[in-house]
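Residue strings, one per chain:
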Amino acid sequence: MTSFNRSTSRRLKTLTQIPSVWEGDRRPMSSSPTQDTDSESQGECILWVDGSQGVVRGMDVVAPETGPEAIVRTLMRAMEHPHSPGKPARPQKIVVKDREIQFYLRGVLQDLDIAIDYVPELPLIDELFRGFTEILENQVPDLPPQYAQALHNKALALWQSAPWEFLEEQQILSIEINKWDVGTLYASVMGMLGMEYGILLYRSEESLKQFRAAVLQDDESQGRLEEAFLKQDCLFLTFESEDEIDEDEIDADEDLAYLPISEIEPTFGNIHPLEGLRSVLYEEEALAVFVALESLNRFIRDYHSQLESETFPSLSRNYRISPPKSESESIKSLSVTVSTMPQLAAELEEMAGFDLEEMEEEDLPDFSSLRDDLIPEDAFLSLGVISWEMLESLRQGVQTHQAGEIEKVGDGLPVILIQTSRPKAKTVIEKIGAAGGLKAICFNPGADPFDGDRYDLGLLQTEDDELFLFGEFLEDDPTHREARKKWNQRCKNTKGYCGLIIAKGLTGASRGNPQLRDMMALFEVRSLSPQDLGLGTLQLMPQF
């Protein structure tokens, strides 16, 4: 049996011993079978109460599997750091109603001159636990218990279909239900940016448009954004990590998409201007969300390939959905219509100013004889190397592969890695394909005549002989100089062959270090020298 250190015993014995009898016990927080098995209510509560004064001196909630040491830890806090209005003290006597606890405490506390007795009843603690039980049993569960598992399953099915990989937030799907005071829900898919995954089910087009207009205002303050958020009228499903993470430890780039499904936890709720946010669904709301998720899952399954196209297609389909059994009414099946809304999507895109992309391109540096409209401005890029084993895996794993006759000499294939979002990566790959493929990767000197800076310009040459800028590196940057030195040596080993990898996952946990599953395309090409290009030093031209 573990006992106190001698110094701890001496410290506790210096506490004033008061003529009080303390009650102590450890009990489950709730024995109700309806309580959520993952909730805190399934823990065990340790209580120490001063029976003479009628006050709680110490309280803890622990997991059921926690050992008997926990009751001693709580007792120590009850003596040294009691809840107000208690003062630090040592009791004259302790009473418990559990023989095992009695014998355990006798062994641990034998040096503290505290009597430890058994009693069949603990009136103060019994009364406190009755109050706890009433509070827990009167709590409204997050989901109606009879629908909780069904909703959880539908949510995880949607997670696995991952509609955010091909649907943007403004590409709205309407779900016509006409039941439970719900007419049509307007589904907006969140997650293409890899930041927050979920589905917003707006009760009206007006609410959706008002919220979009509010968040797009340039002068919107944080307070007004929160107000706009709470004025939404929608049901929602979001996905979170099952493990609770301290806010200080959260990685801003962490992407849930890379977690196993066993670690994904769906969360449901409602937002309304007069109610605000609540993470609870009542019966009719739960049924409406179940029907919406089931119809969405079917629609995505049926039209996955069409929804992945460049343009948002006009699609509609009717489904018969059987909701879970309800005690209040018997519904065998409902007719639900799911439709895409291209016109609304175009309106939301116009509202967001998506056509500004062309304007942004005009602001980029324009080196003569060179285009800069292939690689996204916010892309992550690096010069590196992949092992020959990795090369073979990559050749088999990517969807787009342009092969080359590479001599495997040295530590691996020198590569340029360009990582961006999945939609932008697809666009880059398609543009290279439209140009006939990639012809070469080059580095060429560049200069800014206005500030005297000199650059090492990374260039991609397509088969139609167009040159695209993929990176501007300061010539005197020691990190880049070292990377270029290794690049040149590796290209010499491979007789001039190198590679371009296009990867997704820019905003996820693998930012800057994409895994094999993130890599979407591999182009095996020649490496050209500035002499091969014959362009000389490219000059930065002024913008007027």
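In what follows, the structure referred to is the one given above.
A brief structural summary. Just so it is clear, the model here is predicted, and its values are computed rather than measured.

### So, the sheet that holds strand 4 (residues 90-96)
Strand pairing within a sheet occurs via backbone hydrogen bonds; the two strands may be parallel or antiparallel.
Thinking step 1. Read from one edge to the other, the open sheet built from five strands follows the order 3-2-1-4-5, with strand pairing classed as mixed. Lying at the two open borders of the sheet, with one neighbouring strand each, are strand 3 (55-62) and strand 5 (115-118). For this sheet, the mean angle separating the axes of adjacent strands, direction not counted, is 20°.
Thinking step 2. Sheet topology note: the strand 2 (residues 44-50)/strand 3 ladder contains seven bridges and is antiparallel. Bridged to Val-49 within strand 3 is Val-56.
Thinking step 3. Where helix 3 (residues 99-108) meets the sheet, its contacts fall on strand 1 (17-28), strand 2, strand 4 and strand 5, and the angle it forms with strand 5 comes to roughly 165°.

### Considerations on unusual backbone geometry
Thinking step 1. Looking along the chain, the bond that leaves Ser-84 and enters Pro-85 is cis, with omega of 10°.
Thinking step 2. Locating Pro-85 in the fold gives a position in the loop between helix 2 (69-80) and strand 4.
Thinking step 3. At Asp-113, a residue that is not glycine, the phi angle is positive and equals roughly 60°.
Thinking step 4. Positive phi is not limited to glycine here, since Ala-162 has a value of about 45°.

### As for the pattern of salt bridges
Thinking step 1. Tallied over the full model, the rule gives 30 salt bridges.
Thinking step 2. The closest approach of N and O atoms between Arg-26 and Glu-44, which form a salt bridge, is 2.7 Å. Separated by 18 residues along the polypeptide, Arg-26 in strand 1 and Glu-44 in strand 2 bring together distant segments of the chain.
Thinking step 3. Looking at Arg-26, the relative accessible area reads 18%, which means it is buried.
Thinking step 4. Beyond isolated ion pairs, a larger network of salt bridges with shared partners links Arg-203, Asp-233, Glu-275, Arg-278 and Glu-285.

### So, helix 5 (residues 145-161)
Thinking step 1. For helix 5, which comprises 17 residues, the first-to-last C-alpha distance of 25 Å matches the rise-based estimate of 24 Å (1.5 Å per residue) to within 8%.
Thinking step 2. Within helix 5, the full set of buried residues consists of Tyr-147, Leu-151, Ala-155, Leu-156, Leu-158 and Trp-159.
Thinking step 3. As for helix 5, its buried residues are in contact with strand 8 (198-202), strand 9 (234-241), strand 10 (264-272) and helix 8 (283-307).
Thinking step 4. Positive phi appears at Ala-162, one or two residues downstream of helix 5, with a value of about 45°.

What counts and how
- Residues numbered from 1 in each chain as written.
- Predicted model: local features only at pLDDT ≥ 70, side-chain atom pairs only at ≥ 80, totals over all residues.
- Heavy atoms only, no water.
- Pairing = 2+ DSSP bridges.
- Helix = DSSP H or I, 4+ residues; strand = E, 2+ residues; numbered from the N terminus.
- Axes fitted to C-alpha atoms, helices over the stretch in contact; angles between N-to-C directions.
- Contact = heavy atoms within 4.5 Å.
- Salt bridge = Lys/Arg side-chain N within 4 Å of Asp/Glu carboxyl O.
- Buried < 20%, exposed > 50% of the residue type's maximum accessible area, 1.4 Å probe, protein only.
- Expected span 1.5 Å × (residues − 1).

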